[in-house]
Amino acid sequence: MSDEHARESDLLRQRRDNFRQLVALGVDPYPRQYERTHTVDELVSAYGGAGGEELEAAQPLARTAGRVLAIRSFGKANFLAISDGRSKIQVYIRKDALSERDFAIFRLLDFGDFVGVDGRLFRTKTNELTIWASSLEFLAKCFLPLPEKWHGLTDVETRYRQRYLDLIVNPDSRRVFEIRSRVLAGMRSFLNGRGYLEVETPMMQPIAGGALARPFLTHHNALDIPLFLRIAPELYLKRLTVGGIERVYEINRNFRNEGISTQHNPEFTMLEFYQTYSEYTELMTLTEEMLSAVATEAIGTDQITFGEHQISLAPPYRRVALREGARSAAAERLRAVVDEADLRRQESVLGIAQRLGIDVRPGWGAGKITTEIFERLNEHRLIEPTFVYDFPTEVSPLSKGKPGDPDTVERFELYIGGFEVANAFSELNDPAEQRRRFEAQLAERAAGDQEAHEMDEDYIRALEYGLPPTAGEGVGIDRFVMLLTNSPSIRDVILFPLMRPRHDVV
RNA sequence: GGGCCGCUAGCUCAAUUGGCAGAGCAGCAGACUCUUAAUCUGCGGGUUGCUGGUUCGAUUCCAGCGCGGCUCACCA
């Protein structure tokens, strides 16, 4: 501790004094373990419905432990509230029911300390399930004052930086991460039940492929090679499909070196899955089933509240072709007739974008501009689950073309709540065509697009061994959890979102 | 990166025109045998994010910096 901290605040000094007095009593301030008969949560589950007379007759014994979240003293009658992080239970402390040592421990407790209690369960006059303590053990000290119990911790910066404080005092925060865990379990269970194999593919890659994004760069010392943190697992998962794993998925982090917002964290969790002998419309049906089932498993219903909106995740979802969506929205905005053919020609679509006031970078082709028009005009309005399908080839270097339409690929994105939740396509499995697509991307990269895809010769070689007809999809887990937990920011569903480091941490 | 907003006690928040920096909760001492935001009495607690400037005097006005939030840009 530096000089500023040499003068302890009263709050810290008092807690340290209590700690010293415990040690002076001969209490081990850091015992090794404490055997519980129940967690607090188990007690509440098991006896939450039991009445006072029932408990009086059964005299159930309980030995449990937790963090002290409230101390209410009345001279000879005292109450603690202890929490196991999930549930709370009250403890009744009477001087005449405890040894002198244990009561002395009680007198030295601070808000936030950990204790173990042993006693019988009963209900108080106010019908609160309570442990009548016959022994009290000190388990660990809380030296720093916790946030106040009534208002809790609302400062978002502290909630993100010191998530443990958020979890201690805000039950809703704990709830968010329990739902997140159930979403992950639900997705695994859904996919495992359909014959998918869960795998793990490299997160450090010599070529960052599978998506259009800027990567993080790192370095391996022994091999003396640059490595990228992956922006997507896609190309590796499809190599596994070449290898005969017909249904495969991975749930893990992707890393993209881009801005931070309420919908973007530099590392985020993605489910990516592939199934052979399928094309993209089959994945629409699968997605509807999966999101509805996972929602029901995670929160008990597929009807959600997100901000102002009530949203149903029950199938079927709306379907809108991208060009038609862009065309109709542009026509509506401009109060003019717009033909889909206008969107396919660079000069005409550029004129439409300019009239709409949408910025277009030099070098963008008709497909990129059309996609931009669609996203600008429609994305925030796509509240009900909506599949936007049939994307321009130009923005989809890994998707299979639509028969008879070289400008269009079999791809969809799913929007819910005004943002993109999933992205899927029929996989391009023609190695010659894949090479041409990569070369087109290289040209864009040469023209200054840092997010254009790199050439990946090894991936093309894999395709040359034969990738069966395959459809694949990525689902943004963080965003889906935002929807299920009514969280306005992605930081609310990531335990430790990336924050600029502070150097003045106290 | 741009724009707007915020930063005051451990937490949640006040502070009039620039005039001694406050409250609730938490804490400490005391009272109280069933409370649960316990109550009652009393008492402590501050480098007002940081650095400068203007001023007799700055939480307040100005400038710069730091961190955050929202938003736009970029993306998923």
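Residues numbered from 1 in each chain as written. Chains lettered and ligands numbered in written order. Predicted model: local features only at pLDDT ≥ 70, side-chain atom pairs only at ≥ 80, totals over all residues. Heavy atoms only, no water.

## With respect to the overall build of chain A
The test is simple: Under the DSSP-based scheme used, a helix requires at least four consecutive residues in state H or I and a strand at least two consecutive residues in state E, with every element numbered from the N terminus. Burial here depends on accessible area, computed with a 1.4 Å probe over protein chains only, as a share of the maximum for the residue type. Under 20% is buried, over 50% is exposed, and the range in between is partly exposed. Throughout, a contact is declared for two residues whenever any of their heavy atoms are within 4.5 Å. Computed by Shrake-Rupley with a 1.4 Å probe, the accessible areas treat only the displayed protein chains as cover when residues are assessed. In this charge count, Lys and Arg are treated as positive and Asp and Glu as negative; neither His nor the chain ends contribute. Here the site of a charge means NZ on Lys, CZ on Arg, CG on Asp, or CD on Glu.
A tally of regular secondary structure across chain A gives 16 helices and 19 strands. Along the first, second and third principal axes, the C-alpha atoms of chain A reach 90 × 55 × 50 Å. Among the 506 residues that make up chain A, the fraction classed as buried is 49%. Taking the intrachain contacts of chain A between residues at least 6 apart in sequence as the baseline, contacts between residues at least 24 apart amount to 66%. With the model as given, the accessible surface of chain A reaches about 24,900 Å², and the carbon-plus-sulfur share is 51%. Between the averaged position of the 63 positive side-chain charges in chain A and that of its 77 negative side-chain charges there is a distance of 5 Å.

## Remarks on the packing of aromatic side chains
Worth spelling out the cut-off: Note on aromatic contacts: the rings of Phe and Tyr and the six-membered ring of Trp form a pair at centre separations within 6.5 Å, being stacked when their planes are under 30 degrees apart, edge-to-face when over 60 apart, and tilted otherwise. Cation placement over rings: the criterion is NZ of Lys or CZ of Arg within 6 Å of the ring centroid and within 35° of the ring normal.
The full count for this structure, using the stated rule, is 13 aromatic pairs. Judged by centre distance (5.7 Å) and plane angle (50°), the ring pair of Tyr-92 and Phe-122 falls under tilted. You can see Tyr-92 sitting in strand S3 (residues 88-94) and its partner Phe-122 sitting in strand S4 (residues 114-123), a full 30 residues away along the chain. According to the relative accessible area criterion, Phe-122 is buried, its value standing at 10%. Taken together, the ring pairs connect Phe-74, Phe-79, Tyr-92, Phe-122 and Trp-132 into an aromatic cluster. The aromatic ring of Phe-143 is capped on one face by Arg-16, whose charged end is 5.1 Å from the ring centroid. Seen from the ring of Trp-364, Lys-368 lies directly overhead, with NZ or CZ sitting 5.1 Å from the centre.

## Focus: the environment of Glu-379
In this fold, Glu-379 is placed in the loop between helix H13 (366-378) and strand S15 (386-392). Measuring from C-alpha to C-alpha, the distance between Glu-379 and Arg-159 comes to 30 Å, with 220 residues separating the pair along the chain. Contact partners of Glu-379, with chain neighbours within four places excluded, come to Phe-374, Tyr-415, Gly-418, Phe-419 and Glu-420.

## Remarks on the sheet that holds strand S9 (residues 225-229)
Cut-off, in case you're wondering: Only when DSSP finds a minimum of two bridges between them are two strands counted as paired.
Strand order in this open sheet of three strands is S7-S9-S8, and the pairing throughout is antiparallel. Looking at strand neighbours, the two that pair on one side only are strand S7 (204-205) and strand S8 (217-220), the edges of this open sheet. One ladder, built from four bridges, connects S8 with S9; its direction is antiparallel. By the bridge assignment for S9, His-219 is matched with Pro-226.

## Here we look at the side chain of Glu-234
Examined against the element boundaries, Glu-234 turns out to sit in helix H8 (residues 234-242). Discounting residues that sit within four places of it in the chain, Glu-234 has contacts with Gly-210, Glu-272, Tyr-274, Leu-398, Phe-425 and Glu-427.

## Here we look at the packing of helix H14 (residues 431-446) against helix H15 (residues 457-464)
Going by this rule: In this analysis an axis means a line fitted to C-alpha atoms, helices contributing only their contacting stretch, and an angle means the value between N-to-C directions, from 0 to 180 degrees. Orientation labels follow simple angle bins: below 35 degrees gives roughly parallel, above 145 gives roughly antiparallel, 65 to 115 gives roughly perpendicular, and whatever is left gives oblique. Less than a right angle of anticlockwise turn of the near helix away from the far helix marks a crossing as left-handed, whereas a clockwise turn marks it as right-handed. Residue polarity is assigned by list, with Asp, Glu, Lys and Arg as charged and Ala, Val, Leu, Ile, Met, Phe, Trp, Tyr, Cys and Pro as nonpolar; anything else, Gly included, falls into the polar class.
It is the contact of H14 with H15, at a shortest axis distance of 9 Å, that shows an interaxial angle of 160°. The angle between H14 and H15 places the two elements in the roughly antiparallel class. Of the two elements, H14 crosses H15, and the hand of that crossing is right-handed. Contacts from Pro-431, Gln-434, Arg-435 and Phe-438 of H14 reach H15 at Glu-457, Tyr-459, Ile-460, Leu-463 and Glu-464. Here the contact of H14 with H15 is built from residues that sort into five nonpolar, one polar and three charged.

## What to know about the protein's contact with RNA strand B
Filter applied, for reference: For this purpose, a residue is taken to be near a molecule or strand whenever a single non-hydrogen atom of the residue falls within 4 Å of it. We define a polar contact as two N or O atoms separated by no more than 3.5 Å, with the added condition that, inside protein, one atom must be a possible hydrogen donor and the other a possible acceptor, whereas residues neighbouring each other in sequence contribute only through side-chain atom pairs.
Around RNA strand B, a shell composed of 54 residues is seen, among which Gln-14, Thr-126, Lys-149, His-264 and Glu-420 lie nearest. Those atoms of RNA strand B that come within 4 Å of the protein belong to sugar or phosphate at a rate of 59%. Lys-125 places a polar main-chain atom, nitrogen or oxygen, 2.5 Å from a base oxygen of RNA strand B. Contact distances for RNA strand B include 3.1 Å between a phosphate oxygen and a side-chain N or O atom of Arg-491.

## Concerning the pairing of strand S12 (residues 303-306)
Of the two faces of S12, only one is covered, namely that formed by Ile-304 and Phe-306; the face formed by Gln-303 and Thr-305 stays uncovered. What sits between the antiparallel neighbours S12 and strand S13 (residues 309-312) is a turn of two residues, in which Gly-307 has the positive phi angle 60°.

## So, the sheet that holds strand S1 (residues 61-74)
The pairing of strands in a sheet happens through backbone hydrogen bonds and is either parallel or antiparallel. On the basis of which strands lie adjacent, the closed barrel formed by five strands has the order S1-S2-S3-S5-S4 and mixed pairing. Looking at each pair of strands side by side, their axes are set apart by 55° on average, direction ignored. With seven bridges connecting them, S1 and strand S2 (residues 77-83) associate as antiparallel partners. Each residue of the ladder has a partner; that of Phe-74, found in S2, is Ala-77.

## So, the packing of helix H12 (residues 346-356) against H13
The contact between H12 and H13 brings their axes to 9 Å, and the two run at 30°. Here H12 lies roughly parallel to H13, going by the angle between them. Here the hand of the crossing between H12 and H13 comes out left-handed. Taken together, the residues of H13 that come into contact with H12 (itself represented by Gln-346, Val-349, Leu-350, Ile-352, Ala-353 and Leu-356) are Ala-366, Ile-369, Thr-370, Ile-373 and Leu-377. Class assignment of the residues belonging to the contact of H12 with H13 gives a composition of nine nonpolar, two polar and no charged.

## Considerations on the confidence of the model for chain A
To keep it simple, the criterion reads: A score from 0 to 100, pLDDT tells how confident the predictor is in each residue.
Of the residues in chain A, 97% reach a pLDDT of 70 or more, and the chain-wide mean stands at 91. When mean pLDDT is compared element by element in chain A, strand S6 (residues 197-198) scores highest at 97, while helix H1 (residues 10-24) scores lowest at 87. Scored below 50 in pLDDT, residues 1-7 shows one contact in the model against residues more than four places distant or in partner chains. Interface confidence in the predicted complex, given as ipTM, is 0.86; pTM for the same model is 0.92.

## What to know about H8
Within the sequence span of H8, burial applies to Glu-234, Leu-235, Leu-237, Lys-238, Arg-239 and Thr-241. The inward-facing, buried residues of H8 contact strand S10 (247-255), strand S11 (267-276), strand S18 (419-426), H15 and strand S19 (470-476). Phi turns positive one or two residues past the end of H8, at Gly-244, with a value near 100°.

## Some thoughts on the pairing of S4
Summarising burial for S4: seven of the ten residues are buried, a large majority. Across seven bridges, the pairing between S1 and S4 is antiparallel. Bridging across to S4, Ala-62 finds its partner in Gly-119. Relative to strand S5 (residues 129-140), S4 runs antiparallel, the two being bridged by ten bridges. When the sheet's bridge partners are listed, Gly-119 is paired in S5 with Ala-133.

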